[in-house]
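Survey of secondary and tertiary structure
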Amino acid sequence: RFSAEVHMSSRAIVFWFASFLSCSLLSNALDNGLSPQPPMGWNTYNYFRRNYNEETIYQITDAMIASGMKDVGYEYVNIDGGWWAGVGTGHAVRNASGYLEYDKKKFPNGMNALSEYIHKRSLKFGMYTDAGKHFCNRDQNASEGHEMKDAELFASWDADYVKVDACGTTEKPEVLMSKWRNALNATGRPMVFSNCLNGCTFVPDEWKPWCANYSNLWRTCEDINATWVSVMTNLDSIVGKGCYGAPDRWNNPDMLEVGNGNLTDVESRAHFSLWCVTSSPLIAGNDLRNMSDVVKSILTNKAAIAINQEYAGNAGDRLFKDGPIEVWHKPLLRNEHAVVLLNRGDAASVTITVPFSKFNISEGVKCCVGDVWTSMIETMKSNVTRHVGPHDAAFLRIAACP
């Protein structure tokens, strides 16, 4: 077994401080009050891709309630790509007035009926489009040049959330996102604005202050998939960017793959822990109708979600890295701290020890350290220690320090 004690280098401290200073660029960030906490909900894409219909959405809505997800804060039921008439033909259908038509075979009762079904259950409805000339499946007639029409359409369906992709764009991202912000605002309907890859990614580092000025959340990387390598790759896209996340403006390393594909339960739990400690949006992407008790317990862990939804000046960031070992930290209210001790490695278990001083806790003091997943609370002095297996993470809340 590999044993390691974590020490913060001066270079890591300088990196953290430089990232903190860059927050000063965000003084004019979007502040529309629509996402004071990271959004929580569900999206069709990760599990269903474009293979869904209104019955799927009705069933998922009911499952969100029956599973207890609504009770712990999940509220958005979001439709991703594939809802438009002409899907897969190479040409999305617009009517004589210029509005996109929905696929009447998939949605025989219409989008307003679907939206009403969701709203009557005190949940919220989300829609999707592409900012470019074509959608990601190459269907032409997407939203570039039709921003106002499409914003009006979503508002007429009583949408509460709009995700705007970037597969077919020809204009500069800043121009398109400005158009979309203005179009959504002009409808008069409050709609959370999710920017998907229109600039603003951190790989390569395209992020600019306008990203926070125009949208409530922005994708930081390419699409996630249900493998450990992909989860780690997307996590890497927000290293050093914790200061960018704040109420109404959140880093988004993409939707959750908890319960999907080849991810083990251990990997799913680590994935959820890391999205929580970085204030990333919690948009589930699995089949809520058919999830295991373990997956449900991960997605509905109240202690983890409370950390995700709490904000105290930084969205959460990587504090240290040493080979496969990483320490992620998020400041909490009342001088508390959330910490994830991550073992990215494939084989060896590791012992990770972190001095309290690295969290700005005075040396020699005793603190209550709660394990988010086991609910065990221990009193620890001077440091926190955990044994962490491969592809696993310990998720801790440090509190009640003198």
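The coordinates are above.
This write-up is about the structure you can find in this document.

Let us now look at empty space enclosed by the protein. Applying the stated criterion across every chain yields a total of two cavities of 30 Å³ or more. The computed volume of the largest cavity comes to approximately 90 Å³. Contributing to the lining of the largest cavity are N43, N78, Y161, K163, S194, L217, R219, N252, D254, M255, P281 and I283. The set of elements that each furnish at least two residues to the lining of the largest cavity consists of strand 5 (161-165) and strand 7 (217-219). Along the lines of polarity and charge, the residues of the lining of the largest cavity split into five nonpolar, four polar and three charged.

As a further point, take the nonpolar core. Y74, I79, W83, M111, W180, F272 and F395 are the most contacted members of the largest nonpolar core, which has 91 residues in total. Element by element, the count of residues in this core is highest for helix 9 (residues 265-277), at six residues. Apart from the residues lying within four places of it in its own chain, the contact partners of F395 are S273, C276, V277, A304, I307, A338, V339, V340, G370, D371, V372 and W373. Grouped together as the second largest cluster of nonpolar side chains are 21 residues, L319, V339, V350 and I398 included.

Turning to the environment of P190, a few remarks are in order. Mapped onto the secondary structure, P190 falls in the loop between helix 6 (173-187) and strand 6 (192-195). Along the chain, P190 and G323 lie 133 residues apart, while their C-alpha atoms are 45 Å from each other. The residues touching P190, leaving out its near neighbours within four places in the chain, are L34, A159 and D160.

It is worth spelling out the sheet that holds strand 10 (residues 317-322) at this point. Strand order in the open sheet formed by six strands is 10-11-12-17-14-15, with antiparallel pairing between adjacent strands. The open sheet has two free edges, formed respectively by strand 10 and strand 15 (377-381), since each of these has just one partner strand. Across the sheet, the mean angle separating the axes of adjacent strands is 25 degrees when strand polarity is ignored. Taken together, the seven bridges between strand 11 (residues 325-331) and strand 12 (residues 337-343) define a ladder with antiparallel strand orientation. Bridge assignment links H329 to a residue of strand 12, and that residue is V339. Each of strand 10, strand 11, strand 12 and strand 17 (392-399) touches helix 8 (residues 228-236); the most contacted strand, strand 12, lies at about 135 degrees to it.

Taken as a whole and judged by the stated rule, the model has three disulfides. There is a disulfide in this structure between C136 and C167, and the S-S distance comes to 1.8 Å. In this structure, the disulfide formed by C136 and C167 twists by about 85 degrees around the S-S bond and is classed as right-handed. Taken together, the residues C136 in the loop between strand 4 (124-130) and helix 5 (147-156) and C167 in the loop between strand 5 and helix 6 connect sequence positions 31 residues apart. We classify C136 as partly exposed; its relative accessible area is 29%. Between the sulfur of C200 and that of C211 lies a disulfide, 2.0 Å long from S to S. A torsion of -100 degrees about the S-S bond marks the disulfide between C200 and C211 as left-handed. Taken together, the positions of C200 in the loop between strand 6 and helix 7 (210-214) and C211 in helix 7 put the pair eleven residues apart, joining distant regions of the chain. The two residues C200 and C211 agree in class, both being buried.

Turning next to helix 8. Taken residue by residue, helix 8 has W228, S230, V231, M232, N234 and L235 as its buried positions. Those residues of helix 8 that are buried are in contact with helix 9, strand 11, strand 12 and strand 17.

Because each turn of an α-helix spans 3.6 residues, side chains separated by three or four positions end up pointing in the same direction. Regarding helix 5, the residues found buried are E147, D150, A151, L153, F154 and A155. Looking one or two residues beyond helix 5, the residue adopting positive phi is D158, at roughly 60 degrees.

Let us look at the sheet that holds strand 7. Pairing in this open sheet of eight strands is parallel, and the strands run 8-7-6-5-4-3-2-9 from one edge to the other. Pairing within the sheet leaves two strands with one partner each, and these edge strands are strand 8 (250-252) and strand 9 (282-284). The sheet shows a mean angle of 25 degrees between the axes of neighbouring strands, taken without regard to direction. Looking at chain direction, strand 5 and strand 6 are connected through four bridges and run parallel. If you follow Y161 over to strand 6, its bridge partner there is V192.

Conventions used here
Residues numbered from 1 in each chain as written. Predicted model: local features only at pLDDT ≥ 70, side-chain atom pairs only at ≥ 80, totals over all residues. Heavy atoms only, no water. 1 Å grid on protein atoms, 1.4 Å probe; cavity = no way out; pocket = protein on both sides within 12 Å on 5 of 7 lines; lining within 4 Å. Points joined across faces, edges and corners; volume = space filled by probe spheres on them. Helix = DSSP H or I, 4+ residues; strand = E, 2+ residues; numbered from the N terminus. Nonpolar A, V, L, I, M, F, W, Y, C, P; charged D, E, K, R; others polar. Core = buried A, V, L, I, M, F, W, Y, C linked by side-chain atoms within 4.5 Å. Buried < 20%, exposed > 50% of the residue type's maximum accessible area, 1.4 Å probe, protein only. Contact = heavy atoms within 4.5 Å. Pairing = 2+ DSSP bridges. Axes fitted to C-alpha atoms, helices over the stretch in contact; angles between N-to-C directions. Disulfide = S-S within 2.5 Å.

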